[in-house]
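Tertiary structure, described
Okay, here's what each chain looks like letter by letter:
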Amino acid sequence: MKYYFAIMLLGFSAAIQAKECVILLHGLARSADAMQLLATRLEQAGYAVSNVDYPSTHYPIEQLAPLAIEQGLNTCQQQSAHPIHFVTHSLGGILVRYYLTTQSIAHLGRVVMLGPPNQGSEVVDTLKDAPGFELLNGPAGQQLGTDEASVPKQLGPVDFELGVIAGTQSINLILSTMLPNPDDGKVSLESTKVMGMTDFIALPTTHPFMMKNDAVIAQTLYFLQHGEFEPLESK
């Protein structure tokens, strides 16, 4: 009987360790709370989740990337969970791209970026010198433009499985006047794209709330499971 229980325990342990891990990275001037609904849905789907809270307005991208990502990696490793996927919002996607230019991640899985400024944002070009912009958005916010100082535009193509979800609706009509249409109120649709991405989809959602959008969450799960987005015509 004791051997039977030992085998059962080994099987239970293996099942726990077989979980895949998803690291969530929120956007600029946000917190892990913004990604909590997504974290819950991922956990319900059977993933181990590390919803990282990092000080996005305190440091430049060069410091934020290792600070945030290594925190997430440690959580996944403590749970012996792999492969390791990422789901990011806005700035979070740039942190992943920056980190992977200098570091490799063992057991890297798939990445889904929600509204990433992969080519920068014209909003930053227009407002970065305005009073209060740096105070609210920090050094990383200053690095997200489209000019020669743009960190995203310096990073080059991606070489990992990446799905990008862009929003096409805006609740900030003033910021939208600074952007090529269509846009999500912070980033234009075209600026979310990056060479080497595996798949791309545009959905009728806004930048601040896309991580809580049911269609975005469904497509995120689909990409993590299949390596592509579910065709809209089949829905």
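Everything discussed here concerns the structure shown above.
Residues numbered from 1 in each chain as written. Predicted model: local features only at pLDDT ≥ 70, side-chain atom pairs only at ≥ 80, totals over all residues. Heavy atoms only, no water.

**Some thoughts on the overall build of the chain**
Scanning the chain from N- to C-terminus turns up eight helices and six strands. Along the chain, helices (α) and strands (β) appear in the sequence α-β-α-β-α-β-α-β-α-α-β-α-β-α when read from the amino end. Computed over C-alpha atoms, the radius of gyration of the chain comes to 18 Å, within 12% of the 18 Å expected from 2.2 N^0.38 for 235 residues, which places it in the range of a compact globule. Its C-alpha atoms give the chain principal-axis dimensions of roughly 70 × 40 × 30 Å. The burial tally for the chain puts 47% of its 235 residues in the buried class. Considering only contacts within the chain whose residues lie at least 6 apart along the sequence, 74% involve residues at least 24 apart. For the chain, the accessible surface area stands at approximately 11000 Å², while carbon and sulfur atoms represent 55% of it. Here the chain contributes 12 positively and 22 negatively charged side chains, and the mean placements of these two sets differ by 7 Å. (Helix = DSSP H or I, 4+ residues; strand = E, 2+ residues; numbered from the N terminus. Rg over C-alpha atoms; globule rule 2.2 N^0.38 Å. Buried < 20%, exposed > 50% of the residue type's maximum accessible area, 1.4 Å probe, protein only. Contact = heavy atoms within 4.5 Å. Areas by Shrake-Rupley, 256 points an atom, 1.4 Å probe, with all protein chains shown as cover. Lys, Arg positive; Asp, Glu negative; His and termini not counted. Charge placed at Lys NZ, Arg CZ, Asp CG, Glu CD.)

**Description of helix α8 (residues 214-226)**
For α8, built from 13 residues, the straight-helix expectation of 18 Å at 1.5 Å per residue is met to within 8% by its first-to-last C-alpha distance of 18 Å. For α8, every residue scored as buried is listed here: V216, I217, Q219, T220, L221, F223 and L224. At the N-terminal end of α8, a side-chain oxygen is found 2.9 Å from the backbone nitrogen of A215, two or three residues along, and the residue is N213. Looking at the residues trailing α8, positive phi occurs at G227, about 75°. (Expected span 1.5 Å × (residues − 1). Polar contact = N/O pair within 3.5 Å; in protein donor to acceptor, adjacent residues only side chain to side chain.)

**A short note on the sheet that holds strand β6 (residues 199-203)**
Note on sheets: strands pair through backbone hydrogen bonds, and any given pair is parallel or antiparallel. Strand order in the open sheet made by the six strands is β2-β1-β3-β4-β5-β6, with parallel pairing throughout. Strands with a single pairing partner mark the edges of an open sheet, and in this sheet they are β2 (48-52) and β6. Geometrically, the sheet is characterised by an average inter-axis angle of 15° between neighbouring strands, direction not taken into account. In this sheet, β6 lies alongside strand β5 (residues 162-167) in parallel orientation, the contact comprising five bridges. Note on β6: the bridge partner recorded for V164 is F200. Seen against the sheet, α8 touches β1 (21-25), β3 (84-89), β4 (108-114), β5 and β6 and runs at an angle of roughly 160° to β4. (Pairing = 2+ DSSP bridges. Axes fitted to C-alpha atoms, helices over the stretch in contact; angles between N-to-C directions.)

**Some details on the pairing of β4**
Among the seven residues in β4, six count as buried, and that is most of the element. At this point the chain moves from β3, through helix α4 (residues 91-102), to the parallel β4, and the crossover so formed is right-handed. Two strands pair when backbone bridges link them, and β4 and β5 are joined in this way by four bridges, in the parallel orientation. Counterpart to V112 in the pairing with β5 is G163. (Right-handed = clockwise from strand over helix to strand, strands pointing away.)

**Here's the deal with the packing of aromatic side chains**
The full count for this structure, using the stated rule, is one aromatic pair. When the ring of F223 is compared with that of F229, the centres are 5.1 Å apart and the planes differ by 40°; the resulting orientation is tilted. Per residue, the accessibility class of F223 equals that of F229, and both read buried. (Phe/Tyr/Trp six-rings, centres within 6.5 Å; stacked < 30°, edge-to-face > 60°.)

**Some points on the state of the cysteines**
As enumerated under the stated definition, the model contains one disulfide in all. With a sulfur-sulfur separation of 2.0 Å, C21 is cross-linked through a disulfide to C76. Between C21 and C76 the disulfide shows an S-S torsion of about -75°. By sign, it is left-handed. Here the residue C21 occupies a position in strand β1, and C76 occupies one in helix α3 (residues 61-78), the gap between them amounting to 55 residues. Taken individually, C21 and C76 each receive the classification buried, so the pair is uniform in this respect. (Disulfide = S-S within 2.5 Å.)

**Focus: α4**
Summarising burial for α4: nine of the twelve residues are buried, a large majority. Of the positions making up α4, those classed as buried are L91, G92, G93, I94, L95, V96, R97, Y99 and L100.

**What to know about the nonpolar core**
Counting 37 residues, the largest nonpolar core has L25, I69, F86, L91 and L95 as its most contacted members. Looking at this core, the element that brings in the most residues is α3, giving seven residues. The next biggest cluster of nonpolar side chains, apart from the first, holds 22 residues, and it includes M35, L42, M211 and F229. (Core = buried A, V, L, I, M, F, W, Y, C linked by side-chain atoms within 4.5 Å.)

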